[in-house]
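A structural walkthrough
Here is how the chains run, residue by residue.
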Amino acid sequence: MWRNRASGYGWFAIGIHWVMAVLILGLFALGLWMVELNYYSEWYRVAPYWHKGLGGVVFALLLLRLAIRLGDQQPSALGKGTEVVLAKIVHVALYLLPLGLVISGYLISTADGRALELFELVSIPSLVSFPGQEDLAGQIHSVIAWLLIALVSAHALAAIKHHVINRNATLLRILRPQKEI
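Residues numbered from 1 in each chain as written. Predicted model: local features only at pLDDT ≥ 70, side-chain atom pairs only at ≥ 80, totals over all residues. Heavy atoms only, no water.

Moving on to the packing of aromatic side chains. The tally for this structure, following the rule as stated, stands at seven aromatic pairs. Seen from their ring centres, Tyr 39 and Tyr 40 are 5.5 Å apart, and the 90 degrees between their planes marks the pair as edge-to-face. Accessibility assignment for this pair places Tyr 39 and Tyr 40 in one class, exposed. Taking the centre distance of 5.4 Å and the plane angle of 65 degrees together, the rings of Tyr 39 and Tyr 44 count as edge-to-face. Tyr 44 sits in the partly exposed class, given a relative accessible area of 33%. Ring pairs connect the aromatic residues Tyr 39, Tyr 40 and Tyr 44, which therefore count as one cluster. (Phe/Tyr/Trp six-rings, centres within 6.5 Å; stacked < 30°, edge-to-face > 60°. Buried < 20%, exposed > 50% of the residue type's maximum accessible area, 1.4 Å probe, protein only.)

Here's what the structure looks like:
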């Protein structure tokens, strides 16, 4: 039950889904708090250290999740016509928006030409630098973060709607592996 099946997700995909959900929500909250810090705050350097490092973890999990999606069976769609199409669009966006956050975060962090350091374990060199890079990338990062949180909220509400109103297994499939039908 580690791998996906037609009836639902396996433990591996479920675990990555929920770890990413917690990290993304936590990074959003941390980012909102972090931008209000001033130079004299004791957290001024610590908060970005964790934000960047955990952002790198999200990127690694995103790549792993994409590999699973491409290499493993996907559960059969529940719902009808438009719902299925909308679900596919939302799922694609749930891959693209975090990728956009990672790229814009990288551009913010490397705008001064210094490498991006992730937990003092990984150093990613600055590959591009242009005037106003930090500000532009920061604005893009903020817009994408808000879009992602809005989409995650809609995604969660849709799952609850499927559970309560449609009475199907959409929500249950991402909580625990389902038995084969």
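Back to the write-up after that little detour.
A pair of packed helices is characterised by two quantities: the angle between their axes and the separation of those axes. One way to put it is that helix α3 (residues 81–109) packs onto helix α4 (residues 133–166) with a least axis distance of 8 Å and a crossing angle of 150 degrees. Classed by the angle they form, the pair α3 and α4 counts as roughly antiparallel. Seen from above, α3 lies across α4 with left-handed handedness. Its residues assigned to classes, the contact of α3 with α4 shows 16 nonpolar, ten polar and three charged. (Axes fitted to C-alpha atoms, helices over the stretch in contact; angles between N-to-C directions. Helix = DSSP H or I, 4+ residues; strand = E, 2+ residues; numbered from the N terminus. Parallel < 35°, antiparallel > 145°, perpendicular 65-115°, else oblique. Left-handed = near helix turned anticlockwise from the far one by under 90°. Nonpolar A, V, L, I, M, F, W, Y, C, P; charged D, E, K, R; others polar.)

So, on to the pattern of salt bridges. By the definition in use, this model includes three salt bridges. Asp 72 is paired through a salt bridge with Arg 3; the nearest N and O atoms lie 3.1 Å apart. In this pair, Asp 72 sits in the loop between α2 (46–71) and α3 while Arg 3 sits in the segment before α1 (11–34), placing the two residues 69 residues apart along the sequence. Between Arg 114 and Asp 112 there is a salt bridge, and its shortest N-O distance comes to 2.5 Å. Relative accessible area serves as the criterion here: at 58%, Arg 114 is assigned to the exposed category. (Salt bridge = Lys/Arg side-chain N within 4 Å of Asp/Glu carboxyl O.)

A few words on the environment of Leu 151. Examined against the element boundaries, Leu 151 turns out to sit in helix α4. Exposure remark for Leu 151: the relative accessible area of 18% places this residue in the buried category. When the C-alpha positions of Leu 151 and Val 90 are compared, they lie 7.5 Å apart, and in sequence the two are 61 residues distant.

Core analysis: the biggest nonpolar cluster contains 20 residues, and Met 20, Ile 24, Val 58 and Leu 148 have the highest contact counts within it. Counting residues per element, the ones that place at least two in this core are α1, α2, α3 and α4. If one sorts the elements of this core by residue count, α1 sits on top with six residues. (Core = buried A, V, L, I, M, F, W, Y, C linked by side-chain atoms within 4.5 Å.)

Packing of α1 against α2 leaves a shortest axis separation of 10 Å and a crossing angle of 150 degrees. The angle between the axes of α1 and α2 places the two elements in the roughly antiparallel class. You can see that α1 and α2 cross each other, and the crossing is left-handed.

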